[in-house]
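Chain residues, written in single-letter form:
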Amino acid sequence: MSAESPFRRALRQFFRHRLAVFGLVVVALFVLAAVFAPLLAPYDPLKTSWTLVRKAPSAAHWFGTDENGRDILARVIYGARASLMAGVVAVTLAGCIGIPLGLLAGLAGGWAETLISRVADAMLAVPFLILAIALAAFLGPALENAMLAIAITASPVFVRLSRGMALEAKSTDWAEAARALGNPPWRLALVHVLPNIIPPLMVQATLSIAEAIIAEASLSFLGLGQQPPNPSWGSMLNSAQRFLTQAPWMAIYPGVAIFLVVLAFNLVGDGLRDALDPRSQKR
Amino acid sequence: MSPLLELRDLRKLFPVRDALGRAQGAVRAVDGVSLSVAQGEVLAIVGESGCGKSTLGRLALRLIEPDAGEVRFGGEDLRGLSAAALRARRRDMQLIFQDPFASLDPRMTVEAAIAEPLRLHKVVPRGQEAARVAEWLERVGLRADHARRWPHEFSGGQRQRIAIARALASGPKLVIGDEPVSALDVSIQAQVVNLLQGLIRDLGLTFVLISHDLAVVRHIADRVAVMYLGRIVELGPASQVFGAPKHPYTRALLAAVPGQGAKAPPLAGDVPSPMAPPTGCRFHTRCTFAEAGCREHDPALRGGSHAAACHVFEQLPPAPLARETETGGDRLRRLQAFFSADKPGAAA
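Remember, it's a predicted structure, so these values are computed and weren't measured experimentally.

Novice: How do you make sense of the overall build of chain A when you look at a structure like this?
Specialist: Helix and strand content of chain A: 11 helices and zero strands. Mapped in sequence order, the helices and strands of chain A form the string α-α-α-α-α-α-α-α-α-α-α. Across its three principal axes, chain A shows a C-alpha extent of roughly 75 × 50 × 30 Å. For chain A, buried positions account for 46% of its 283 residues. Within chain A, counting contacts between residues at least 6 apart in sequence, those at least 24 apart form 72% of the total.

What follows is the structure, encoded as structure tokens:
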């Protein structure tokens, strides 16, 4: 019997899941594209040209050019930076806000739980995008503000999830054993409960990244995210809508990019969930 | 000598609510229990499930708050301590859980689990933790190289050994074992009971054994407290409680042990609801010796060092069990032979 940590066992389980591995590969490709954008992009994504306005895809410009003669492939590659940044940063921030509050609510109970849970419920009652748009409009149009708005909007999901799991963990024997050993409340929360609830939080984070990428694209589409001339898939779609019939490639490529990344994150999330679900361990 | 643990008139109610959250009454889990445990003594608390014995164990460690009464540990009232002072005191009082599959944190290696009490109470400097963990693993019959493994890699018996090492690592004076072997296979039970007995002897532990397994209790307890519906109904030296039980409930309980061959009056009916305990003596609804007065007057524990809470115990016919245990008790002898034949080090 080899010493295999629960984490490695889950990893092994994950790699049996073909679609999830496909999702992971797609995500990895987009991450590489974003990181190495300056090396991969064939042109400067901001360089305009009056002679190349709305050219169809060709050998020189694989994805065609936009209304200002900018190369769409280059803009899609650079746009991955805005989308992935928005997804990862916003969700990391949302977790940093939501998980501690959820742990506090679940473990401390009392008025802290009531206050935190009611605020989270109230935020969840408002549709995700509407709340994100309202916050982004309030903070002012900029990619950073859009990320912050998305982070705040995505945090109540983490509050609710971590609160529920902390409540469950609190009633286990090992949590009582931890108290009987003399663990202070903060140590019970961070050393015992948190590691036990990480797996479902990871699944939620992956699915939330997909949601955050859509939110970022939507905000940019509305002019509340990435500001021109910097490329973002959402703002590219916005400028493409006026030329849908004449230059459909302007919409197709950023649209496909959003579709692929969101699908890939969802596949990874589903795969993680299956891998971490104790009921599927036997397979 | 002053007792290490002293409980005075301890009470705990658990409110019961209906679906709308309205109070429907309360379960009297522990209803006025006084008990003292001397230094170095092994006291067993026995009773049917639901009689409040596990609650009593947790109250004694102040893992749950009593509604009324006092818990004195080493002469100090635990209820008066601040949260931080109580945590520091946990070094001296520990709990062993029933289910070793639930009591170990699944995300902690064996080493981290056993090192935790060492670190929390600064028992040894950090550099010596690993060595101390290895010592404990060998002491409970595991190998030092098990330290880096995860709980899910072990069998129930091995996990309970890990839990025992974790409970003893900080060097507690008092250990409460809440059914420490009843979740284990019978063959493993014997090994773990032997291990516990050896540790109690070698470390001079004061041990409170909460159990419904009378064979195990008889094997290791010095004194026995019998609980029924949140109360202690009989308390005395193990040899006397087993040899000459006073309370009709204790007689029935001993008669129910398979293989005893005793023909004591069988227990009729179920345990009454702890939400609405009977008036007078709580046992009168099931007692074959009950008299009219038993329905009205609540008996107190009386009878000195071997006490019973019964109005009529002096008038009862001698317990048939006394004779039976002299000649009978075959199961016990077989078990004891088994206990001594199996060395704890030979764990699977």
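More follows now that the structure is in view.
Novice: Help me out: how do you make sense of the environment of B:Leu316 in this one?
Specialist: All names here are of chain B. Within the secondary structure, leucine 316 is located in the loop between β11 (307–308) and α10 (320–327). Given 16 C-beta atoms within 10 Å, leucine 316 falls into the partly exposed group. Between the C-alpha atom of leucine 316 and that of lysine 12, which follows or precedes it by 304 residues, the distance is 32 Å. Beyond its immediate stretch of four places on either side in the chain, leucine 316 contacts Pro248 and Phe289.

Novice: Before we go on, may I ask you to explain the nonpolar core in this structure?
Specialist: For soluble globular proteins, nonpolar side chains are generally found buried alongside one another. Core analysis: the biggest nonpolar cluster contains 177 residues, and A:Ile150 and B:Val226 have the highest contact counts within it. Sort the elements by how many residues they give to this core and helix α4 (residues 72–108) of chain A lands first, with 18 residues. Taken together, domain 1 (5–224) and domain 2 (233–333) of chain B each give at least three residues to this core, which thus spans both. When residues no more than four places from it in sequence are discounted, the contact partners of A:Ile150 are A:Ala86, A:Ala90, A:Ala132, A:Ala212, A:Ala215 and A:Glu216.

Novice: Would you take a moment to explain the domain arrangement of chain B for this structure?
Specialist: By a widespread convention, an interface's size corresponds to the accessible area lost as its parts come together. Residue and element names in this part refer to chain B. The domain architecture assigned to chain B consists of domain 1 (5–224) and domain 2 (233–333). Centre-to-centre, using C-alpha coordinates, domain 1 lies 28 Å away from domain 2. Contacts between domain 1 and domain 2 engage 15 residues on the former and 13 residues on the latter. Elements that contribute at least two residues to the side of domain 1 that touches domain 2 include exactly β2 (23–37), α7 (214–220) and β9 (223–228). Sorting elements by how many residues they give to the side of domain 1 that touches domain 2 places β2 first, with five residues. Looking at the side of domain 1 that touches domain 2 residue by residue, the class counts come to eight nonpolar, two polar and five charged.

Novice: How should the pairing of strand β10 (residues 231–237) of chain B be read in this particular structure?
Specialist: When a strand is regular, its side chains alternate between the sheet's two faces. All names here are of chain B. Burial analysis of β10 places six of its seven residues in the buried class, the great majority of the element. Bridge count between β9 and β10: six bridges; the pairing is antiparallel. Bridge assignment links methionine 227 to a residue of β10, and that residue is isoleucine 232. In this structure, the hairpin formed by β9 and β10 is closed by a connection of two residues, where leucine 229 is found at a positive phi of approximately 45 degrees. Alignment of β10 against β11, held across two bridges, turns out to be antiparallel.

Novice: What exactly am I supposed to notice about the sheet that holds strand β3 (residues 42–46) of chain B here?
Specialist: What holds strands together in a sheet is hydrogen bonding between their backbones, with the strands either parallel or antiparallel. Residues and elements named next belong to chain B. The seven strands are arranged β6-β7-β8-β3-β9-β10-β11 in an open sheet whose pairing can be described as mixed. What marks the edges here is a single partner per strand, and that holds for β6 (93–96) and β11. The sheet strands contacting helix α5 (residues 156–168) are β6 and β7 (174–178), and the helix crosses β6 at an angle near 170 degrees.

Novice: Is there a simple way to think about the interface of chain B and chain A in this case?
Specialist: Chain B puts 23 residues into the contact, and the matching count from chain A is 19 residues. Here the side of chain B that touches chain A is composed, by residue class, of 10 nonpolar, three polar and 10 charged.

Novice: I keep staring at the packing of α4(A) against helix α9 (residues 185–221) of chain A and nothing clicks. Help me out?
Specialist: Helix packing geometry: the angle between the two helix axes and the distance between the axes. All names here are of chain A. Between α4 and α9, the shortest axis-to-axis distance is 7 Å and the interhelical angle comes to 145 degrees. When you trace α4 past α9, the crossing you get is right-handed. Residues of the contact of α4 with α9, tallied by class, amount to 20 nonpolar, four polar and one charged.

Novice: How do you make sense of the sheet that holds β2(B) when you look at a structure like this?
Specialist: Across the sheet, which stays open at both edges, the four strands sit in the order β2-β1-β4-β5 (chain B) with antiparallel pairing between neighbours. The sheet is open, and its two borders are formed by β2 and β5 (76–77) of chain B, each paired with just one other strand.

Novice: Can you walk me through the packing of helix α2 (residues 18–35) of chain A against α4(A) in this structure?
Specialist: All names here are of chain A. One can describe the packing of α2 onto α4 by two numbers: an axis separation of 8 Å at closest approach and a directional angle of 110 degrees. Relative to α4, α2 is oriented roughly perpendicular. Across the interface between the two elements, Phe30, Val31, Ala33 and Ala34 of α2 pack against Ile77, Ala80, Arg81 and Leu84 of α4. Grouping the constituent residues of the contact of α2 with α4 by class yields seven nonpolar, no polar and one charged.

Novice: Would you explain helix α6 (residues 186–203) of chain B in this entry?
Specialist: Residue pairs three or four apart in sequence face the same way in an α-helix, which turns once every 3.6 residues. All names here are of chain B. Look at α6: 26 Å from first C-alpha to last across 18 residues, which is about the 26 Å you get at 1.5 Å a residue. Buried within α6 are the following residues: Ile188, Gln189, Ala190, Gln191, Val192, Val193, Asn194, Leu195, Leu196 and Leu199. Positive backbone phi, at 60 degrees, marks glycine 204, one or two positions downstream of α6.

Novice: What is the right way to look at the confidence of the model for chain B in this model?
Specialist: All names here are of chain B. Chain-level statistics for chain B give a pLDDT mean of 87 and a share of 88% at 70 or above. Between residues 321–329, whose pLDDT stays under 50, and residues either more than four places distant or in other chains, the model counts 16 contacts. When the criterion is pLDDT under 50, residues 342–348 qualifies, and its contacts beyond four places in sequence or with other chains add up to 15 contacts.

So, how was this worked out
- Residues numbered from 1 in each chain as written.
- Chains lettered and ligands numbered in written order.
- Predicted model: local features only at pLDDT ≥ 70, side-chain atom pairs only at ≥ 80, totals over all residues.
- Helix = DSSP H or I, 4+ residues; strand = E, 2+ residues; numbered from the N terminus.
- Buried ≥ 20, exposed ≤ 12 C-beta atoms within 10 Å, placed from the backbone.
- Contact = placed C-beta atoms within 7 Å.
- Core = buried A, V, L, I, M, F, W, Y, C linked by C-beta atoms within 7 Å.
- Domains from an automatic or database assignment.
- Nonpolar A, V, L, I, M, F, W, Y, C, P; charged D, E, K, R; others polar.
- Pairing = 2+ DSSP bridges.
- Axes fitted to C-alpha atoms, helices over the stretch in contact; angles between N-to-C directions.
- Left-handed = near helix turned anticlockwise from the far one by under 90°.
- Parallel < 35°, antiparallel > 145°, perpendicular 65-115°, else oblique.
- Expected span 1.5 Å × (residues − 1).
- pLDDT = per-residue confidence, 0-100.

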